[in-house]
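Structural characterization, general
Single-letter residue listing:
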Amino acid sequence: MSNQSTEWTLERAKLAVSAGSRMTPVVVDIGDGLLIKYGRRVHLREAEATKLIAAQTSIPVATVIATLYDDAASTAYIVFTKLPGQSLSVLLPTLDLETQVIIEEDLKKINLELSSLDSYAPMGLVGTPSEFPDFSDFRNHGAWKATNTFEFLNWPIETANRIVGKAVFGPVDPTKFDFAEPHVFSHGDLVPENILILNGRVSGIIDWEYAGWYPYFWNDYVAWRYAHPPYYSEIWPRMLSNILTTNYRRDWSEYSRIYWQRPQPVVTHDSTKSFGMPSKNIHFI
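Attention in this report is confined to the structure presented alongside it. Model, not experiment: these values are computed from the prediction.

Before going further, it helps to spend a moment on the packing of aromatic side chains. Under the criterion given, the structure shown has 26 aromatic pairs. Aromatic pair Trp-144 and Tyr-259: ring centres 5.7 Å apart, planes at 10°, arrangement stacked. Note that Trp-144 is positioned in strand β10 (residues 144-145) and Tyr-259 in helix α8 (residues 249-260), a separation of 115 residues in sequence. With a relative accessible area of 4%, Tyr-259 lands in the buried category. With a centroid separation of 5.2 Å and an interplanar angle of 80°, the aromatic rings of Phe-152 and Trp-218 are classed as edge-to-face. Of the two residues, Phe-152 is situated in helix α5 (residues 149-164) and Trp-218 in helix α6 (residues 218-224); the sequence distance between them amounts to 66 residues. Taken as a pair, Phe-152 and Trp-218 share a single burial class, namely buried. Here the guanidinium or amino end of Arg-12 rests over the ring plane of Trp-8, the centre of that ring lying 3.7 Å away. Sitting above the plane of the Trp-224 ring, Arg-249 keeps its charged end 5.3 Å from the centroid.

Structure (structure tokens):
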């Protein structure tokens, strides 16, 4: 009986992980064309998003075989098929101009298909309406909740001010955004590491854990925020200029300023977690 049709249990997943070949800190190749992604920071919403894309588009994504959760260890396991190809991030320096153009066209079509989901659901991650991921210690202070672009932008400001205890940050400048623009569906992290290439064509898109419905400028933000050396060579920003059909640089740049103006995490000499701002001696525990 094949792995695809055999029932999966936590015990089986753990054994497969221990016997498999580790590809990344959270992904293990367990053979037979299958991978397991697991860990405390792996979310089952990634499986839900992958299934959504498989059902609603022709974008090449992995087939989800099983999802499991270990309550005792707070660890999620996703069993899915292994897609063919190599990461675009590895191949970028080797691509000739003709291949770059072909990949650009593939990614344009993928973005067009993703845009067909723009009105599929309200703002929020797939599986968690009105909630978004946060990569900072803000996640210890409640979920990032928003139902529209203004609320999305205002959340880090309100949270930072609540932590500090007074209105230090903000407000949102309404002249820098178009609040009438509808939200968009976004992969959430569509960068070269998550794009697979085989024989000069896009063969798969992976890592859908941050997929969901975001403010209108989000795809531009995700694409451009690290599209420069030392992260990528000049090839990728040149390709992006041909792939993207929108230009929201003003908008996402202002969002980035808002998000990073908040207190930044620092670690004191006694390893007590606190926050500080360069110009203000503010700390909290």
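Next up on the list: the nonpolar core. Formed by 61 residues in total, the largest nonpolar core has its most connected members in Phe-185, Trp-208, Phe-217, Trp-236 and Tyr-255. Of all the elements, α5 adds the most residues to this core, at six residues. Excluding residues that lie within four positions of it along the chain, Phe-185 makes contacts with Leu-52, Ile-53, Leu-114, Leu-117, Asp-118, Val-126, Trp-208, Ala-211, Gly-212, Trp-213 and Asn-219. In this structure, Trp-8, Ala-16, Val-17 and Ala-66 belong to the second largest nonpolar core, which totals 13 residues.

Reading guide: rules and limits
Residues numbered from 1 in each chain as written. Predicted model: local features only at pLDDT ≥ 70, side-chain atom pairs only at ≥ 80, totals over all residues. Heavy atoms only, no water. Phe/Tyr/Trp six-rings, centres within 6.5 Å; stacked < 30°, edge-to-face > 60°. Helix = DSSP H or I, 4+ residues; strand = E, 2+ residues; numbered from the N terminus. Buried < 20%, exposed > 50% of the residue type's maximum accessible area, 1.4 Å probe, protein only. Lys NZ or Arg CZ within 6 Å of the ring centre and 35° of its normal. Core = buried A, V, L, I, M, F, W, Y, C linked by side-chain atoms within 4.5 Å. Contact = heavy atoms within 4.5 Å.

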